[in-house]
Amino acid sequence: MADVAAQAGVSRTLVSFVLDGKPGASEETRRRVLSIADELGYRPDAAARLLALGKSRTLGVLIDVSQLFEAELVTNIYPAAEKLGYDVLLTANLPGRAEPSAIDALLDHRCGAVILLGPTSSPGDIAALAGRAPLVVVGRRLPGDLIGERLATVRTNDTKGMRQAVDYLVELGHRDILHVDGGSDPASGDRRTAYRSAMRAHGLGDHAHVVRGAHNEAAGADAAHVILGQKSLPTAILAGNDRCALGLLDVFTREGIDIPGEISLMGYDDSRLSDNPRIDLTTVHQDAHGLAERSVEVAVDLLTEAHAVDTDVVLEPTLKVRGTTARPTR
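The following refers to the structure shown. None of the values given here were measured: they were computed from a predicted structure.

In this section: helix H10 (residues 217-228). In a regular helix each residue adds 1.5 Å, so twelve residues correspond to 16 Å; H10 covers 16 Å between its end C-alpha atoms and thus fits that length. Among all positions of H10, only Ala219, Gly220, Ala221, Ala223, Ala224 and Ile227 are buried. The inward-facing, buried residues of H10 contact strand E6 (177-180), strand E7 (209-211), strand E8 (236-239) and helix H11 (242-254).

Laid out in structure tokens, this is it:
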């Protein structure tokens, strides 16, 4: 900044005003300062500027790096934040690292607001953290009495998504539709409940069967071995997410079970890997771009105390029919 000021023949304070977009300089001076700053390759210290403003324009984001869909969310969060003039700071939710510690890392860096992608902490703990900074929880429903001025949710209508999946499989002619759930992972409870409700709605309550899983390939593989040990195989399986479906697909393929000839298989998320021609997974599509963009908008609204903030944003899912589902042959 000192070099810019010296070459422009103005004070450092005036340079600071120009670079921050504040009034105080003539149009001619403003253009000269900006031109010299560009020539010198000057890049303002974002952290110092934010401290001077008294309110951080950095959005913290918690991500589980093992979840492909969350990676897609982050890919879309960056441009959405930059469009609104905000920086992004990431921290990872890792095995062996307590989630509150990861969130604390963001809060300790004075992020203005924090976006939590699929957090596993209890609703009460999340609400308590909202006392330190505005929070937006993505991909998980929270009790309505917890969300409000400093805590919001942005999520997919999982009830509708699971109902669409069951409806589609029933329309194909399936009755023995098994669900490998996500265990205690985020959104699993809603998806499990929606599956059972959809089966009952089709008069198939007696055929509803849940095998415990989790949102990863290993859990899908374990569930596949459990299913293979049963007296009879289901004609269709609805997995808790795409990664779980991939674990199921791998074991079944190795055991010589034809997908979808013997078992139709569906996932949930529509992560990029599911569209790979060698996988071609039928799945429930979540709008990664829409979820990311709305989460940033809501975080900024909470941070700036905008009026009429929508604290529970629900986006609609769609069905992506690919090659792992077909009409039952038995």
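This part takes up the pattern of salt bridges. One pass over the structure, following the stated rule, counts 16 salt bridges. Here aspartate 108 makes a salt bridge to arginine 132, at a shortest N to O gap of 3.6 Å. In this pair, aspartate 108 is assigned in helix H6 (residues 99-108) and arginine 132 in the loop between helix H7 (123-129) and strand E4 (135-138), connecting sequence segments 24 residues apart. Classification of aspartate 108 by relative accessible area gives exposed; the value is 56%. We note a salt bridge from aspartate 181 to arginine 192, for which the minimum N-O separation is 2.7 Å. One end of the pair, aspartate 181, is in the loop between E6 and helix H9 (188-201); the other, arginine 192, is in helix H9, and eleven residues separate them in sequence. Among the ionic contacts, a cluster of salt bridges with common partners joins Glu27, Arg30 and Arg31.

Let's shift gears to the sheet that holds E8. Spatially, E7-E6-E8-E9-E10-E12 is the arrangement adopted by the six strands of the open sheet, whose pairing is mixed. The open sheet terminates on both sides in strands that have one partner only, identified here as E7 and strand E12 (318-320). Strand after strand, the sheet turns through a mean of 25° between neighbouring axes, direction not considered. Here strand E10 (residues 282-285) pairs with E12 via three bridges, running antiparallel. Within E12, the residue paired with threonine 283 across the bridge is lysine 320. Relative to the sheet, H9 contacts E6, E7, E8 and strand E9 (264-269), its axis offset from that of E6 by approximately 170°. Helix-sheet contacts for H11 involve E6, E8, E9 and E10, and the interaxial angle to E9 is about 155°.

Leu59, Ile77, Ile115, Leu117, Val136 and Val296 are the most contacted members of the largest nonpolar core, which has 29 residues in total. Per-element tally for this core: the top contributor is helix H12 (residues 288-303), with nine residues. Not counting chain neighbours up to four residues away, the residues in contact with isoleucine 77 comprise Val61, Val88, Ile115, Leu117, Ala292, Ser295 and Val296. Within the second largest apolar cluster, 22 residues are counted, among which are Val180, Leu248, Phe252 and Ile259.

Cut-offs used in this document
For every chain, the first residue of the written sequence is number 1, and numbering continues from 1 along that sequence. Note on the predicted model: pLDDT of at least 70 is required for a residue's local features to be given, and 80 or more for side-chain atom pairs to be given and counted; whole-chain, interface and lining totals, by contrast, use all residues. Hydrogens and water molecules were not included; the side-chain quantities draw on all heavy atoms of the structure. Strands here mean DSSP runs of E at least two residues long; helices mean DSSP runs of H or I at least four residues long; both are numbered from the N terminus. To estimate how far a helix should reach, multiply one less than its number of residues by 1.5 Å. Relative accessible area decides the class of each residue, using a 1.4 Å probe on protein chains only: under 20% of the type maximum gives buried, over 50% gives exposed, and in between gives partly exposed. The contact criterion used is simple: two residues touch if any of their non-hydrogen atoms lie within 4.5 Å. Salt bridge, as used here: a side-chain nitrogen of Lys or Arg that lies within 4 Å of a carboxyl oxygen of Asp or Glu. By this definition, two strands are paired if DSSP reports at least two bridges between them. As a rule, the C-alpha atoms of each element are fitted with a line to give its axis, helices using only the stretch in contact, and angles between N-to-C directions run from 0 to 180 degrees. We call a set of buried Ala, Val, Leu, Ile, Met, Phe, Trp, Tyr and Cys residues a nonpolar core when their side-chain atoms join them within 4.5 Å.

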